[in-house]
Structure formats: C-alpha cells, structure tokens
Amino acid sequence: MGKFLAGFLLPLLLLAAAMLDWSLIPLVNLLAFFVVQYTRPKGGFQRKKRSLLLWSIVLFSILVISAQSIFYIIWIVKGKEQSISDAWWAKLVGFIRIQPWGSTSVVYFFVIQLAIALIAYLEVYENRFGWIPRRDSCWWSMLSSVEQLGSHLRVACCLLLPVVQLVVGISHPSWISLPFFICSCVGLVDWSLTSNFLGLFRWWRLLFLYAGFSILMLYVYQLPINFPGIFLTMAKFIGLYKVYGTSEWGEVISGISLVVFYFMLSSVKYDMDEMDSIMSMHESSLTEQLLPSKSGVRHTNVLLRGSVFRNFSINFFTYGFPVSNCRCIIAQ
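Predicted model, so just to flag it, every value in this text is computed and none were measured.

(A) Quick peek at the nonpolar core. Counting 56 residues, the largest nonpolar core has L14, L30, F33, I57, I116, L161 and F261 as its most contacted members. Among the elements of the structure, α1 (2–18), α2 (24–38), α3 (45–77), α6 (105–129), α7 (138–171), α8 (178–194), α9 (204–222) and α11 (249–290) are those that each provide at least two residues to this core. Examining the composition of this core, we find that nine residues originate from one element, α11, more than from any other. The residues contacting I116, other than those within four sequence positions of it, are L10, L13, L14, A17, N29, I57 and S61.

Written as structure tokens, this is what we have:
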C-alpha cells in the first residue's frame, strides 16, 4: 500500500495539480513533486524527513484550499468585481485561473488538492502505525494485484524510456533538447558495442537531474511575469517557449514527452540503481576472471573482436542513421 501511495499516486496527483495552471501555487506543487521523487521511504532519520515532508504537503494543501475558498467567497460577495479578476497578484498566486482548462478547473483544483492532502496523511499514518491487511481479505487481494500491476508497469517504463527520451530529443530541436538526443546516440552506440540493453540508459542519472531542471525552467517561463528582454532573448535561444492553445505540435509533444520521461525515469530509478550495482559487481568479477596473465596471452578488450564492430554497424545503421536523418528533417 505504501509503495503505491508514495511511489505512484501521490507524485501523480502533485504533477496533475502543478499542470492545472501556470502560477505560484501549482509551482509549489511541482517543487513538492520533485522532492517526493528525489526521496525514498527508508527507516530511521530518512523516515523522519519523509514524514516532515508529508506533513508539509498536508498543511500546504489545507492552507491553499482555505485561502482559495476565502478568495472566492469574497469575490462572490463583492459581485465578481473586475478589479479583483484583473489583479496581477491574483493571477500570479493562482487565485484566478489563466490556463484555459475551462470553468471546471476550479473544481479540479479542489478535488486534486484535497486528494493530495488525504493521500499524504494516509502515508504518514501508515508509516507511523503500520497497516497490514489480512491475507484472506479483499484488501490483500487488491494490494497484491496493484503490486503485480506496478511491477509490469515498471518493466514497460524501462522498455519505453529510450523511445520517450528520443522523442524529447527530436520533437522540438533546440539547445535544451540537444542533451537528450546526444544521450540517445551515446546509448545506442553503447548498446551496439556491448549488446547490453542497459547501455541505452547511459548517463541516466545526469538526464534525471537535467530533465527536472528543464521542466522547472519551462514552467517558470510560463508564469504571468514580465521578464526582462535579455531573459526572453536567452530563453528563445536555448529553446524555451510559451504553451498556448495554438502552440505547434512539436512544442506540445516536446513538453508532454519531457514530463512523461521524467515521471517514468523517477518511477524506475531505484530499480536502475540496483541493476547498475549488480552489473558493476558482475563486471568487476568478470574482469578479475579475464585479466590477462603475466605472459599476456589473453586479450579481453571487446574492441578487438570483429563481431562487435559488425553488430555495431548493423545496429547503428539500422536504428541510429534513420534517427539522425529524422532529426535533421525536423530541424529543417
């Protein structure tokens, strides 16, 4: 139950709350999403920090719901004055919705924010008192099904991550998306040389940090703030863009794929950590077994094998060359 709440449902709700509008309140939800994804429930001091984070999310949600309710009550009592609806501070904070999700966005806001507070409180309660259902109960069957579904979803994320990463790199060619394309090419070369599927995830830790930073920059750029001209020039140069209802498909796909990539990678990053540690131990053990003797008879360098370059040529020109051409066509 805790893995489902902490690892999937709570981050998903925080991300949904952050994408409802471009303002400071959703920005705090986005920052909470990042912090939740960077932390992992553990025992001892880590669990205390996790509980403190969850209590902060609960208190913030209650505070935001109360403030939003008071604002709307005052607004209705005063007859929805134009001065209040046009106030820049109300739009910046998030009391007035500027994102065109329709009039139901307020309802979505209250429902999602209340669900965030409830889920965070349930996780705090479970961490403190524990909750283990009986094996013959329906809750046990449901939790077992959820665990199995989660494991299948993590496997699917691992298989789809290289594709999503490539989409981020080629959907909207710019300086900010270039690292994703470069890492895709490097991962393809690694996979071609070693025939190891994990080679496609080369530098995934750096990409994880960079993807979060890119999402944060793109989100801040959407805020209703009059940025200086130098900042706007630099933003356009590196590839930042405003999201509107009339935005180009490349920009929309780039933004969605970036968020999906970060969410998928954060969902499987602990599994990838374990796989990296297992592979490093296996490689070190294999290296000790294959070290050349003092006479220097045995060569273990994989680059000396002709089959490696043959596999690399086949894989690269089958997958990498069309990808490079696709990016060039999109750039034109």
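(B) Highlighting the UniProt feature "transmembrane region" (unreviewed entry) in the protein. Cross-referencing UniProt, the feature "transmembrane region" (unreviewed entry) maps to residues 12–36, 52–77, 106–125, 206–232 and 252–272 in the present numbering. Between the first and last C-alpha atoms of residues 52–77 the distance is 37 Å; the span itself is 100% helix and 0% strand. Secondary structure across residues 206–232 divides into 78% helix and 0% strand, with the first and last C-alpha atoms of the span separated by 26 Å.

(C) The arrangement of the pattern of salt bridges in detail. Under the defined criterion, the tally for this structure stands at one salt bridge. A salt bridge links R50 to E123; its shortest N-O distance comes to 3.1 Å. With a gap of 73 residues between them, R50 in helix α3 and E123 in helix α6 connect regions that are remote in the sequence.

(D) Molecular detail of the packing of aromatic side chains. Tallying each qualifying case throughout the model produces 16 aromatic pairs. An aromatic cluster of three or more residues is present, and its members are F33, F34, Y38, F208, Y262 and F263. The positively charged end of K242 is found above the aromatic ring belonging to Y221, 5.0 Å away from the centroid.

(E) Broad picture of empty space enclosed by the protein. Per the stated rule, a full pass over the model turns up two cavities of 30 Å³ or more. Roughly 110 Å³ of volume is contained in the largest cavity. Along the walls of the largest cavity sit 13 residues, with I176, S177, Y241, S254 and L258 positioned nearest its centre. Within the residue set of the lining of the largest cavity, elements represented by two or more residues are α9 and α11. Estimates place the volume of the second largest cavity at around 50 Å³. Lining the second largest cavity are L161, P162, Q165, L200, F201, R202, W204, L207, F261 and L265. Mapped onto the lining of the second largest cavity, the elements with two or more residues apiece are α7, α9 and α11. Among the elements that line the lining of the second largest cavity, the one with the most residues is α7, at three residues. When the residues that make up the lining of the second largest cavity are grouped by side-chain class, the tally is eight nonpolar, one polar and one charged.

(F) The state of the cysteines, seen in detail. Applying the stated rule across the entire model yields zero disulfides. Looking at C183, it has no disulfide partner, and the nearest cysteine sulfur is the one in C185, 9.3 Å off. When its relative accessible area of 8% is taken as the criterion, C183 is described as buried. The class of C185 is partly exposed, set by a relative accessible area of 24%.

Calculation criteria
Residues numbered from 1 in each chain as written. Predicted model: local features only at pLDDT ≥ 70, side-chain atom pairs only at ≥ 80, totals over all residues. Heavy atoms only, no water. Core = buried A, V, L, I, M, F, W, Y, C linked by side-chain atoms within 4.5 Å. Buried < 20%, exposed > 50% of the residue type's maximum accessible area, 1.4 Å probe, protein only. Helix = DSSP H or I, 4+ residues; strand = E, 2+ residues; numbered from the N terminus. Contact = heavy atoms within 4.5 Å. UniProt positions renumbered as here; feature names shortened; annotations may be inferred. Salt bridge = Lys/Arg side-chain N within 4 Å of Asp/Glu carboxyl O. Phe/Tyr/Trp six-rings, centres within 6.5 Å; stacked < 30°, edge-to-face > 60°. Lys NZ or Arg CZ within 6 Å of the ring centre and 35° of its normal. 1 Å grid on protein atoms, 1.4 Å probe; cavity = no way out; pocket = protein on both sides within 12 Å on 5 of 7 lines; lining within 4 Å. Points joined across faces, edges and corners; volume = space filled by probe spheres on them. Nonpolar A, V, L, I, M, F, W, Y, C, P; charged D, E, K, R; others polar. Disulfide = S-S within 2.5 Å.

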